[in-house]
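# Secondary and tertiary structure notes
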Amino acid sequence: MNWLGFCCVYCQQKLAVGQHGLCSRCSRQIYRFPYCGCCAAELATDELHCGQCVREPPYWQRIVIVGRYAEPLSTLIQRFKFEGQFWLDRSLARLLYLAVREARRTHQLPLPDAILPVPLHHFRQWRRSYNQAALIAKWLARWLNIPMREDLLIRLKRTPTQRGLSAKSRRQNLKNAFQAQEKLKKCGYKSVALVDDVITTGSTMNEIAKQLRKMGVEHIQVWGLART
Ligand SMILES: [Zn+2]
Ligand SMILES: [Zn+2]
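Structure report, in brief. No experiment lies behind these values; they were computed from the predicted model shown. (Residues numbered from 1 in each chain as written. Chains lettered and ligands numbered in written order. Predicted model: local features only at pLDDT ≥ 70, side-chain atom pairs only at ≥ 80, totals over all residues. Heavy atoms only, no water.)

All of the buried residues along helix 7 (residues 167–174) are R170, N173 and L174. Taken around the axis of helix 7, the buried residues stretch over an arc of 90°, which confines them to a single face. Turned more than 90 degrees away from the buried face of helix 7, the exposed residues are K168, R171 and Q172. Contacts made by the buried residues of helix 7 are with strand 4 (178–180) and helix 9 (203–214). Following helix 7 by one or two positions, N176 has its phi on the positive side, about 55°. (Buried < 20%, exposed > 50% of the residue type's maximum accessible area, 1.4 Å probe, protein only. Helix = DSSP H or I, 4+ residues; strand = E, 2+ residues; numbered from the N terminus. Arc of directions from axis to C-beta. Contact = heavy atoms within 4.5 Å.)

Here we come to the nonpolar core. Counting 70 residues, the largest nonpolar core has L96, L212 and W223 as its most contacted members. Residue contacts for W223: discarding those within four places in its chain leaves V64, L96, V100, L109, P112, I115, L140, L144, A193, L194, V195 and D196. (Core = buried A, V, L, I, M, F, W, Y, C linked by side-chain atoms within 4.5 Å.)

Right, let's get into the packing of aromatic side chains. Applying the stated criterion across every chain, the model contains six aromatic pairs. Where F80 meets Y130, the ring centres are 6.2 Å apart and the plane angle is 40°; that geometry is what we call tilted. With F80 in helix 3 (residues 73–82) and Y130 in the loop between helix 5 (122–128) and helix 6 (132–144), this pair connects stretches of sequence that are 50 residues apart. Residue F80 shares its accessibility class with Y130, and that shared class is buried. (Phe/Tyr/Trp six-rings, centres within 6.5 Å; stacked < 30°, edge-to-face > 60°.)

Bringing the sheet that holds strand 1 (residues 62–68) into the picture now. Judged by pairing direction, the sheet is parallel, and its four strands sit side by side in the order 1-6-5-2 without closing on themselves. Sheet topology places strand 1 and strand 2 (114–117) at the edges, where each strand pairs with a single neighbour. Neighbour-to-neighbour, the strand axes of this sheet turn through a mean angle of 20°, independent of strand direction. When strand 5 (residues 191–199) meets strand 6 (residues 219–227), the two strands line up parallel, connected through eight bridges. Along strand 6, the bridge assignment pairs I199 with R227. (Pairing = 2+ DSSP bridges. Axes fitted to C-alpha atoms, helices over the stretch in contact; angles between N-to-C directions.)

The zinc ion (ligand 1) binds to the protein through C8 (SG), C11 (SG), C23 (SG) and C26 (SG); the donor distances cover 2.3 Å. If you look at the zinc ion (ligand 1), its four donor atoms make angles of 103 to 115° with each other, and the shape they trace is tetrahedral. Ordering the donors of the zinc ion (ligand 1) by residue number gives the pattern C-x2-C-x11-C-x2-C. Relative accessible area serves as the criterion here: at 7%, C23 is assigned to the buried category. The class of C26 is buried, set by a relative accessible area of 2%. (Donors = N, O, S within 2.8 Å, 3.2 Å for Na, K, Ca; no water. Tetrahedral: all angles 85-135°; square planar, octahedral: opposite > 155°, others 65-115°.)

This next bit is on the coordination of the zinc ion (ligand 2). Around the zinc ion (ligand 2), the protein contributes the donor atoms C36 (SG), C39 (SG), C50 (SG) and C53 (SG), at 2.3 Å from the metal centre. Given four donor atoms and angles of 101 to 116° at the metal, the environment of the zinc ion (ligand 2) is assigned as tetrahedral. Judged by its relative accessible area of 0%, C36 falls in the buried class. A relative accessible area of 13% means that C39 is categorised as buried.

Below, the structure written as structure tokens:
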């Protein structure tokens, strides 16, 4: 195990000083692309909105992703999420941190007042013993010097995996699954970033964004490692 990052977490090659877990060759293999700054759809050039987002905007305003859910990112996320390799948090967070910095340049991304990891249901978190989104969010909070708050959002329902469901049953599934806490109003955060590992359909994020808006948050960003 490479606790200290001496070897690439993907190909096991020796790392040069100053690299963060992933060697430059593996990092270059991540499928990155110009994207819509709102929904992360692949575009020919970086834009703030695509046609779809103009017609039917999501409940959030901005999105940041590292790249497509493909090798080597997909395997790293799988290992991080399902194989208990929580120590990959720093390397993965580093990629997202660089993507945020890149979006500051390409999408004029404003930084939020707070970073909120997407919560797991307490049962799932108990089984896994950690919330992978919170591990990533913690590093981002530290590097960007923005508070990370795990206490403002809770997950009320255990939602089965969203994959393979129709849009309608997905929405049904997610109804009242999340709750933004009253104390969010007192915090006075006008702008927050939601952090999750993989953004699949956006329906989870939409559901959370709705709850955040009810508590007075005006600007919502979605930060994720990969878009499927
Ligand atoms: Zn490598
Ligand atoms: Zn879009």
